[in-house]
Structures are given as structure tokens and as C-alpha cells.
Amino acid sequence: MRQLFLMAVALGLLIPAILSSAIGFTMQRQELTSRFVTDQRRLLEVVALGMQEPLWNLSRPSGAPLIASLMEDSRVISVQVTDNLSNTIFMSAVRSERRLGEVEVLKKPVVYRGEEIGEVAIEFDRQHIITEQNHLLLNSALLLLIQLVCATLLIMLILHHRFLKPMQRLAEQIAALAGLRLDGHFEWPDNDEVSQLGRKLEATRAELKRLVDETEAKTLALEADISRRREVEDALRRSETKYRELFWSNLDGIVISTLDGQILDANPAFLNLLGYSAEQLKLQNFWTLLTPESETSERLKIDQEVLRFGFCDDIDSTYITRFGNTVPVNVKTVAMRDAYGRIYAVWRMVRDVSEQRAAQEHIELTAKVFDNTVEAIMITDANLSIQSVNKAFTEITGYRPEEVVGAKPNILKSQLHDAAFYRAMWQQIRLTGAWQGELWDRKKSGAVYPQWIAINAVKNTTGEVTHYIGIASDLSERKAADERIRFLAHFDVLTNLPNRVHLQERAELALQAAERDDTQMAVLLLDLDRFKLINESLGHSAGDMLLQVVAERLRGRLGPGEMLARQGGDEFIVLLPALPAGPSEVVRAAERILDCFAQPVELHGHMLSVSPSIGIAMYPDDGSDVETLVRNADAAMYAAKSAGRNNYKFYTADLNVRASEVLAIESQFRGALERNEFVLHYQPQVDMTDGRLLGAEALIRWNHPEQGLIGPLRFIPVAEERGFIVAIGNWVIREACRQLAEWKAAGCILPKLALNLSALQFRDPELLSVIEGQLVAYDLDGASLEIELTESVLMDDVEGTLQAVEALRALGVSLAIDDFGTGYSSLSYLKRFKADTLKIDRSFVRDIPQDLDDSAITRAIIAMAKTLNMQVLAEGVETTQQWHFLADEGCDQVQGYLVSPPLPAERFEAVLRDGTMLPSEMAMP
């Protein structure tokens with residue numbers, strides 16, 4: 001029996017152990033395979049999700065970290081990401097050491113925003129599963145063997161200690177327990193193991209007896225609890241149904257997402273708001289639906305409020321629709337917790353506030369327009385009590401809102417409109433609901449001002465007037481501007497004198513009156529002498545100031561009925577409308593005008609002597625219309641300039657011939673420089689003691705193609721008036737230097753060549769650079785040139801002239817004062833300028849020695865020059881008597897027809913070679 005028992009026990013242990021081991025091995029192998037499949041799918045899903053953004057943006061750097069982390073898994077052999085758009089491999093990775101076991105390839109499409117943009121393929125190694133299964137099988141076999149050995153030893157030990165009999169009783173006790181015969185009692189008096197087991201079984205029986213009794217009692221209680229739980233589940237089911245109905249039918253958008261942005265659910269209102277379907281939305285990350293500013297704001301609210309308190313109040317945010325448009329929304333956020341009370345998601349209620357925000361912006365815009373418009377706005381109720389005014393109303397009227405709210409609009413009444421005006425205005429408002437027109441009101445300060453006002457009645461839905469709105473524009477500036485425009489149309493802005501248009505109107509009226517009354521009238525055209533020089537040397541501001549001073553002086557000398565107007569530039573016109581005394585009255589008016597300029601004018605620290613040239617034309621002898629009179633007065637004015645300036649001339653018929661000649665000269669003069677029509681003639685300057693040639697004066701001539709050689713008196717004044725003189729002066733400097741260089745190269749040295757410069761040429765800022773440039777270009781010494789300036793040029797701007805003279809001296813150029821004694825001679829200025837040569841004007845030389853005054857003046861000039869250590873040169877010497885007188889008085893040099901007329905360059909070269917020119921005893925004709 002012992003062997004049978006041992007065999008039965010051994011078989012009983014061996015078979016269950018083998019079966020349990022086989023079942024355990026099978027379950028563990030299935031679990032291992034299932035875990036590997038789960039890991040494969042998880043990795044494939046992670047890569048497919050992680051490659052959405054990189055593949056969509058074609059950004060390999062952003063996807064590289066994910067591929068690298070995946071390759072760290074030893075089960076992954078290779079990864080490949082394909083771009084469906086270009087059908088190319090976007091990214092791939094292969095393990096360097098490829099295993100030789102069984103492999104498996106899994107693929108998954110990459111879907112972004114509902115579109116399949118690529119595919120992910122991962123190659124897995126299955127060899128590790130086979131290896132783990134072999135390890136598992138070996139462990140199971142070892143465990144089975146250990147169990148069998150232990151069981152066999154235990155059985156032998158039990159049999160050795162008389163196990164069979166106690167086992168029989170124990171079997172009975174077990175059978176009783178198995179049959180749930182729990183009322184019987186088994187005694188175990190021994191202390192061996194079986195007895196102890198028996199006593200434990202007895203304790204088990206007693207405990208089972210107690211448990212059975214207790215279970216019966218609890219079963220009754222459980223049945224009651226199940227009934228109650230069933231009722232709770234029914235209530236929860238009804239609540240969930242109501243929640244789903246609320247979720248799906250709510251007009252506000254509802255979206256549920258995890259804290260990291262994974263969207264769990266959304267209701268139709270939210271889907272319609274952003275334009276997504278439920279499937280498309282779940283593929284998005286919630287944070288991509290927000291603008292960057294809104295994402296920052298909502299994350300901050302979740303961190304500071306939702307995670308702390310479980311909810312947050314309304315916040316304004318901006319979401320992005322599927323089509324890229326932005327939607328302003330108001331968001332309420334509530335936390336969602338799991339069974340352990342941990343927050344794992346948030347529930348958002350999103351309300352579209354586009355219309356509210358547009359309405360608010362419209363209200364704010366209306367308020368800004370009301371406050372910032374330049375028109376004054378007043379709003380009254382139906383009883384004309386002022387309810388509101390804007391900022392412009394206060395600025396225009398001076399009344400603050402608190403001063404007029406509650407008052408009537410007649411607080412602004414100016415008393416300039418009668419009652420009939422206001423009755424007509426309100427009658428039109430009642431009939432048509434609106435009125436507009438010009439209205440004069442009174443400001444708080446008492447000032448009356450014009451305004452253009454529009455009044456409109458505001459009615460409710462029933463047609464009753466509830467308010468009146470008045471919008472007014474201040475017309476003060478506009479009316480002032482109109483007045484200014486009218487002034488500018490008839491008056492000169494600079495001098496406030498009547499302009500040419502106004503003069504034309506007044507002159508037409510004066511002509512009609514003169515024709516009606518058979519009287520004479522006169523037009524005096526006044527032009528300032530050398531105004532262009534002042535304007536260019538002292539600046540346009542000084543010129544403008546001079547014109548204002550002249551206008552004021554002339555205005556003060558006008559008689560009754562006489563009119564002064566500015567013609568333009570530096571020209572003024574005086575209209576003498578009625579002349580009972582004839583030309584004598586015009587002469588007196590011209591003398592009054594000349595007296596205006598007797599006193600010098602101070603401009604920018606300079607005392608300037610200003611003189612006019614006046615041309616006079618008389619009606620009806622010199623013209624029967626305004627245009628003819630002005631034109632003839634202009635011709636007379638040019639005649640006055642030609643006569644020496646600072647005087648007046650009446651128009652004569654031959655002036656038109658002269659004017660035509662001037663115009664012809666001007667028109668042909670413009671191209672004379674380009675055609676090289678100018679030439680220089682040279683008049684010798686000799687020493688009176690021995691006849692040595694000391695120098696020459698360069699004199700310009702115009703070799704006109706039709707009129708022949710023209711002297712400077714005919715075209716130089718035109719050049720000065722028309723602005724050509726600087727160009728001609730520069731040509732003279734260039735030609736003179738060229739000729740000196742040519743004579744020098746031929747071995748004929750001229751000690752000094754004198755050049756005449758006009759006032760405009762001398763004030764030209766480029767003069768020094770022109771002279772220096774020509775001296776350098778022709779390799780000449782500055783001492784070979786002498787600049788001749790008149791007294792008037794020197795006295796116009798003493799300080800500026802001194803600077804220019806010093807600059808010329810720095811170049812070695814000498815200075816000669818021409819026409820001395822004809823201007824404002826000043827010994828102090830003569831001393832300051834330190835001229836090298838003083839030239840006696842031909843007007844003094846012409847009548848010596850017969851004219852005692854001229855002889856005395858000449859004698860004084862020579863003595864003064866000697867005292868100041870200057871050379872004296874007399875020009876215009878034509879007789880031997882003049883020569884002897886000058887020689888006896890100590891004159892140094894002479895120039896004139898007695899010695900030689902001005903000669904062309906080729907003839908002067910012969911004189912230059914001879915070197916001396918003593919006059920004959922016969923005067924030159």
C-alpha cells in the first residue's frame with residue numbers, strides 16, 4: 001500500500017505540476033508576445049503623431065530627435081518616413097548591426113489636419129522573443145524538477161512517521177468539511193504533525209461554521225444593498241443622459257482636453273465655431289487652436305487658477321478656425337478629476353463674442369468721433385434742454401459741459417438774427433426733420449462768430465421726436481481765409497501795396513475819368529538801381545526788407561488821389577489820376593519820389609545808398625490804355641538808367657527805337673559767348689617821364705556779325721540788367737590771361753593788364769577761384785593783373801569789399817580805383833582800401849587846363865594820391881595841353897587817344913615789342 005500510495009502521490013504531484021508549468025509557460029509566452037505587439041503599436045503611433053509637424057513643414061531637424069530616441073530601442077532595426085506629396089523618403093534610420101533573426105515590418109500613415117501626408121515604416125527584430133521563450137521554458141523545467149524532488153522527500157518523511165493512519169482520519173475530517181458537515185467534532189490528542197493538521201482543520205471547520213452563518217446574514221444585507229445600488233445607477237444614467245443632452249444642444253461651444261492639449265471631446269457648437277469635424281478636431285492639439293498671445297494667457301490661467309481652485313473666471317481669448325481666421329471668444333474653464341481626485345483634463349465653455357466686440361468697438365468709435373471731431377456737437381431732448389456737448393463745442397464756444405447741460409441752446413444767441421429767421425428755421429425742422437445754414441452765435445467771451453450748422457430731429461419707432469442733434473463748423477477761419485484770398489488777389493504780400501491787378505482796375509477807372517473830364521493823367525514806373533547787387537550780396541531777406549522800406553517811404557509821399565502799386569520785383573508804379581497843371585505836376589511828384597531816397601537805408605548793419613530810375617508816360621499823349629502807358633513808362637525808365645540813374649525821364653517817341661534796339665541786342669546777346677563773338681582791345685598806359693609802356697587796360701568789344709564792332713556802352717548796361725554780366729566778366733578774365741600767356745611765350749612781357757569789373761562780378765563768390773584758376777592755368781604771376789573798381793562798388797559794402805581786396809592782394813593782384821571823384825569820395829575809405837593806382841576820370845581831364853574847376857580838382861586828386869603813396873593815372877588824355885598840365889602837376893601815368901586808341905591784340909603786340917610810346921606834338925582827332 002505504501003508503494004501504491006507513494007506512486008499515486010508521485011503521479012498526483014507530477015501531472016498537475018507538469019500541467020501547471022505548461023499552462024504557466026503558455027500564458028507567459030502569450031503575455032510576452034502581446035506586450036511586444038503593444039509596444040510595436042505604441043512606437044508606431046508615437047512616430048506617426050510626432051512626425052506630423054516636421055513632415056508638414058518639411059523640417060528634418062525637428063523630427064530628428066524623435067527618430068534618434070526610437071533607435072535607442074534594441075528591438076527596432078530601421079525607421080523610414082515617406083513624404084506622400086513628393087513620393088520621396090523624408091527621413092530614415094538603420095541600425096548599424098543588423099540581427100539575423102526573424103523580422104517584422106509595420107507601417108502607419110501620417111495624417112495632419114485630416115490629410116494623409118506621409119507614411120511611417122518600422123522594422124522590428126523578433127529574435128529576442130524566441131530567446132526569452134527559451135529562457136522561460138528552461139526556468140519552468142527547473143522549477144518542475146525542484147517541486148517533484150521536494151514532494152517525493154516529503155512523502156517519504158510522512159510515511160516514515162506513520163502517516164497513513166492519521167491520513168485516513170484526516171481524510172474523513174476533510175470529507176466532512178467537503179460535504180459541509182460542519183456540526184461534527186474531531187479530536188486530535190496527539191502532538192504530531194497530522195494531529196496538528198487535524199486540529200487546524202477542526203479550527204477551520206469551526207471558522208467555516210461561523211463564516212457560513214455570517215455569510216447568510218450578510219447575503220440578506222447584500223441583496224438590500226444591490227437594490228439600492230441599482231437605484232443609484234438608474235439615477236446616474238438619467239443624469240448622464242441629461243448631461244449629454246446639455247453637451248450636444250448647448251449653443252456655446254464646449255471642448256474637453258487634457259492638460260497637454262489632447263482633445264477628448266467637443267460639442268457641435270464648438271465644431272461649427274472653428275469649422276472642424278469631430279475626427280479632424282481630435283487630430284489637432286488644443287493649443288494649436290489659439291493665437292500665441294491667447295495660448296500664453298490660457299496656460300497662465302490654468303497654472304494659477306484652475307490647478308489651484310478647480311476653475312477660472314471668464315477670460316477673453318482668440319481662437320483660430322480651420323481656415324486660418326481668428327475668432328474672439330469668452331472662455332470659462334473647469335477642472336476634471338479622476339477617481340483619485342487628480343486633475344487630468346479641463347472642460348471649457350467657449351462663447352463667440354465677435355458681435356459683442358464689434359458692437360463695443362462701434363460704441364467706442366462713436367464716442368471717439370463724438371469727442372474728437374472738429375465740429376461742435378450738441379444733443380438736446382425733445383424740449384430743447386441740452387443733454388450733451390463734445391470737446392469741440394467747448395473749444396469753439398468756451399462753455400464747459402457742466403455750464404450748458406440742462407440749459408437751452410439760446411444761451412448762444414447772438415441777437416444778429418430776428419425772430420422770423422428762427423421761426424422759419426424751426427418750421428423747416430418740423431416739416432422735414434432737418435435744417436442747415438449759416439448761423440451767427442455768441443461765445444462765452446461775448447465774441448460773435450459765424451458757423452455752418454446742421455440740425456436734425458431724432459425720432460423713435462412711433463415717429464415721435466426724442467432728441468435734436470446740432471453739428472456746427474466754425475466759419476471764422478474760412479471767412480478770414482476768404483478775406484485773405486481777396487487781399488492776395490489785389491495786394492502784394494511783401495509790401496501790402498496794390499498789385500498789378502488792382503492797379504489795372506484803378507487805372508481803367510482813372511482813364512475813364514480823364515477821358516470824361518478831358519484831363520491828363522500820368523504813370524510813373526520806378527525801378528531801384530543796382531537792386532540785384534544788393535539782393536545777391538546781402539541776401540534775399542535784405543532785398544525784401546529794402547522793398548518794404550522803399551514802399552513805406554513812397555507811401556508817405558503820395559498826394560491825395562495818387563496810387564502806389566508794386567509792379568513786380570523792384571519795380572513800383574505811381575498813378576497820378578488827375579493832372580490839372582499838366583507835366584509840371586508830374587515833375588513835382590517825381591522830385592518828391594527822388595527825395596525819398598536822399599537818406600541811406602540801414603540793412604543788416606550796412607548803410608546803403610539807394611536810388612531810383614523813373615520813367616514817365618502821360619495820357620493821352622503817350623498812350624490811351626493802361627498797357628501802352630506802362631510799356632512806354634518802362635522805356636522811359638531804361639532811358640533814365642542809361643542817363644546815369646537816380647533821375648527821371650519823360651517818354652519820347654525815339655525811346656521805342658532804343659527799346660527795340662535793346663531787345664534786339666538782348667536776343668542776340670544770349671548766344672554771343674557760345675559763338676565767340678567777343679574780343680578784347682588793349683589801350684596802352686605809359687609813364688609820363690619817358691613814355692615807357694607800364695601796362696594796358698583791357699576793353700571788351702562785340703564783333704557783331706551784322707552790325708560790326710559794337711562798343712561796350714551799347715551792350716554792357718543790357719548785360720547788367722539781364723544778368724549776363726558775370727558770364728562776360730569771367731570770359732574777360734580768361735581771355736586776358738590767355739593773351740598775356742601768349743605774349744609771354746612770344747617774348748613780349750606786359751608789366752600789368754587792367755581789367756574792369758562790374759559790381760555784380762565783384763560780388764560773385766566764385767570771382768577769386770576764377771582769377772586764381774586762370775593764373776595757375778596759364779602760369780602767370782598775380783602781379784600781372786590789376787582790377788579796376790569804381791567808388792560806388794567800393795562803398796556799397798565796405799567790410800565785404802575789404803575782405804575781397806585782401807584776398808586779391810594775397811594772389812598778388814593790384815587794385816585801381818576808377819572814375820575817382822565822380823562818386824562819394826571819402827579819404828578815410830580811400831586810406832582803408834590802400835589802392836595801388838588812382839585813376840582820374842576823363843570828365844575832369846577833358847576841359848583842363850581851360851576849366852579852372854576841373855584843373856583844381858585834378859590838381860587835388862594828384863596831391864592826395866601822392867600823400868597816400870599811390871600812383872596816379874589820368875584817362876582820356878587827348879591833347880598835348882592836357883599832357884603838359886598833368887606832367888607839371890606830377891601825374892605818373894596817362895591813357896588816352898593822345899598816346900593810342902584801344903588796339904586789337906595783334907596790333908598791340910607791335911607796341912609791346914617797341915616798349916615806349918611818346919605822343920607827337922599834334923592832338924589825335
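Residues numbered from 1 in each chain as written. Predicted model: local features only at pLDDT ≥ 70, side-chain atom pairs only at ≥ 80, totals over all residues. Heavy atoms only, no water.

Engineer: Sorry if this is basic, but what is going on with the overall build of the chain here?
Structural biologist: Helix and strand content of the chain: 31 helices and 30 strands. Here the chain holds 925 residues, and 42% of them are scored as buried. Restricting the contact set of the chain to residue pairs at least 6 apart, pairs at least 24 apart contribute 59%. (Helix = DSSP H or I, 4+ residues; strand = E, 2+ residues; numbered from the N terminus. Buried < 20%, exposed > 50% of the residue type's maximum accessible area, 1.4 Å probe, protein only. Contact = heavy atoms within 4.5 Å.)

Engineer: Would you explain the sheet that holds strand β8 (residues 326-337) in this entry?
Structural biologist: Taken together, the five strands give an open sheet; going across it, the order is β6-β5-β9-β8-β7, and neighbouring strands pair in antiparallel fashion. Lying at the two open borders of the sheet, with one neighbouring strand each, are β6 (263-266) and β7 (311-320). The mean angle between the axes of side-by-side strands here comes to 30°, regardless of whether they run parallel or antiparallel. Looking at chain direction, β7 and β8 are connected through eight bridges and run antiparallel. In the strand pairing of β8, serine 317 is matched with valine 329. Docked against the sheet, helix α9 (residues 292-309) engages β7, β8 and β9 (343-352), running at close to 160° with respect to β7. (Pairing = 2+ DSSP bridges. Axes fitted to C-alpha atoms, helices over the stretch in contact; angles between N-to-C directions.)

Engineer: Teacher, can you tell me more about helix α31 (residues 905-914) here?
Structural biologist: Because an α-helix completes one turn every 3.6 residues, residues spaced three or four positions apart along the sequence face the same direction. Among the residues making up α31, those that are buried are Ala905, Phe908, Val911 and Leu912. Looking straight down α31, one finds that the buried residues subtend no more than 110° of arc, so they occupy a single side. Of the residues in α31, the exposed ones pointing more than 90 degrees away from the buried face are Glu906, Arg907, Arg913 and Asp914. At its buried positions, α31 is contacted by β22 (678-687), β23 (693-704) and α22 (725-745). Directly after α31, the chain includes glycine 915, whose backbone phi takes a positive value near 90°. (Arc of directions from axis to C-beta.)

Engineer: Any chance you could explain unusual backbone geometry here in plain terms?
Structural biologist: For residues that are not glycine, phi is negative in most cases, and the peptide bond is trans in most cases. That bond from tyrosine 619 to proline 620 is cis: its omega, 5°, falls within 30 degrees of zero. Positionally, proline 620 belongs in the loop between β20 (612-619) and α19 (626-642). Cis peptide bonds are those with omega within 30 degrees of zero, and the linkage from isoleucine 848 to proline 849 qualifies with 0°. Structurally, proline 849 is set in the loop between α28 (842-845) and α29 (852-867). Phi is positive for leucine 58, close to 55°, though the residue is something other than glycine. When you line up the elements, leucine 58 lands in the loop between α2 (52-57) and α3 (60-71). Note on leucine 58: relative accessible area 54%, which makes it exposed. Positive phi values are uncommon outside glycine, yet asparagine 496 reaches one of about 60°. With respect to the secondary-structure elements, asparagine 496 resides in the loop between α14 (476-490) and α15 (500-517).

Engineer: In this structure, what is going on with the environment of cysteine 891? I would like to understand it.
Structural biologist: With respect to the helices and strands, the residue cysteine 891 is situated in the loop between α30 (880-889) and β30 (893-895). Residue class for cysteine 891 comes out buried when judged on its relative accessible area of 7%. Through-space distance from the C-alpha of cysteine 891 to that of lysine 866 is 9.1 Å; in sequence the pair is 25 residues apart. Cysteine 891 has contacts with Met688, Ile862, Val872, Leu873, Ala874 and Leu886, leaving out every residue within four places of it along the chain.

Engineer: Would you explain the pairing of strand β27 (residues 814-820) in this entry?
Structural biologist: Residues in a regular strand point their side chains to alternate faces of the sheet. Of all seven residues in β27, six are buried, a share of seventy percent or more. Alignment of strand β26 (residues 785-790) against β27, held across five bridges, turns out to be parallel. When the sheet's bridge partners are listed, threonine 790 is paired in β27 with aspartate 818. Of the strand pairs in this sheet, β27 and strand β28 (residues 837-840) are connected by three bridges, and their pairing is parallel.

Engineer: Please explain the pattern of salt bridges as it appears in this structure.
Structural biologist: Throughout the structure, instances matching the rule amount to 30 salt bridges. With a shortest N-O distance of 2.8 Å, lysine 641 and aspartate 529 are connected by a salt bridge. Separated by 112 residues along the polypeptide, lysine 641 in helix α19 and aspartate 529 in the loop between β15 (520-528) and α16 (531-538) bring together distant segments of the chain. Considered together, lysine 641 and aspartate 529 belong to a single accessibility category, that of buried residues. One salt bridge in this structure joins arginine 675 and glutamate 677, with 2.5 Å as the shortest N-O distance. Classification of arginine 675 as partly exposed rests on a relative accessible area of 47%. Overall, the relative accessible area of 8% leaves glutamate 677 in the buried class. (Salt bridge = Lys/Arg side-chain N within 4 Å of Asp/Glu carboxyl O.)

Engineer: It is not clear to me how the environment of arginine 913 should be interpreted in this structure. Could you clarify?
Structural biologist: With respect to the helices and strands, the residue arginine 913 is situated in helix α31. The class of arginine 913 is exposed, set by a relative accessible area of 52%. Separated by 167 residues in the primary sequence, arginine 913 and alanine 746 have C-alpha atoms spaced 9.9 Å apart. Among residues more than four places away in sequence, those in contact with arginine 913 are Ala746 and Cys748.

Engineer: Just to check I follow, could you spell out the side chain of aspartate 39 for this structure?
Structural biologist: Within the secondary structure, aspartate 39 sits in helix α1 (residues 2-50). Exposure remark for aspartate 39: the relative accessible area of 17% places this residue in the buried category.

Engineer: Hey, could you run me through the pairing of strand β21 (residues 647-650) in this one?
Structural biologist: Where β20 meets β21, four bridges bridge the pair, whose relative direction is parallel. By the bridge assignment for β21, serine 613 is matched with asparagine 647. In the classification by handedness, the crossover that spans β20, the intervening α19 and the parallel β21 is left-handed. (Right-handed = clockwise from strand over helix to strand, strands pointing away.)

Engineer: I would appreciate a short explanation of the side chain of asparagine 330 in the present structure.
Structural biologist: Among the structural elements, asparagine 330 can be located in strand β8. According to the relative accessible area criterion, asparagine 330 is buried, its value standing at 16%. At 3.4 Å, the side chain of asparagine 330 forms a polar contact with the side chain of aspartate 316. Ignoring any residue separated from it by four or fewer positions in sequence, one finds asparagine 330 in contact with Asp314, Ile315, Asp316, Met349, Val350, Arg351 and Val353. (Polar contact = N/O pair within 3.5 Å; in protein donor to acceptor, adjacent residues only side chain to side chain.)

Engineer: Before we go on, may I ask you to explain the packing of α29 against α30 in this structure?
Structural biologist: Relative placement of two packed helices is described by the angle separating their axes and the distance separating the axes. Between α29 and α30, whose axes approach to 10 Å, the crossing angle comes to 40°. In terms of orientation, α29 and α30 fall into the oblique class. Considering only the axes of α29 and α30, their crossing is right-handed. Between α29, through Ser855, Thr858, Arg859 and Ile862, and α30, the contact on the second element is made entirely by Phe885, Leu886 and Glu889. (Parallel < 35°, antiparallel > 145°, perpendicular 65-115°, else oblique. Left-handed = near helix turned anticlockwise from the far one by under 90°.)

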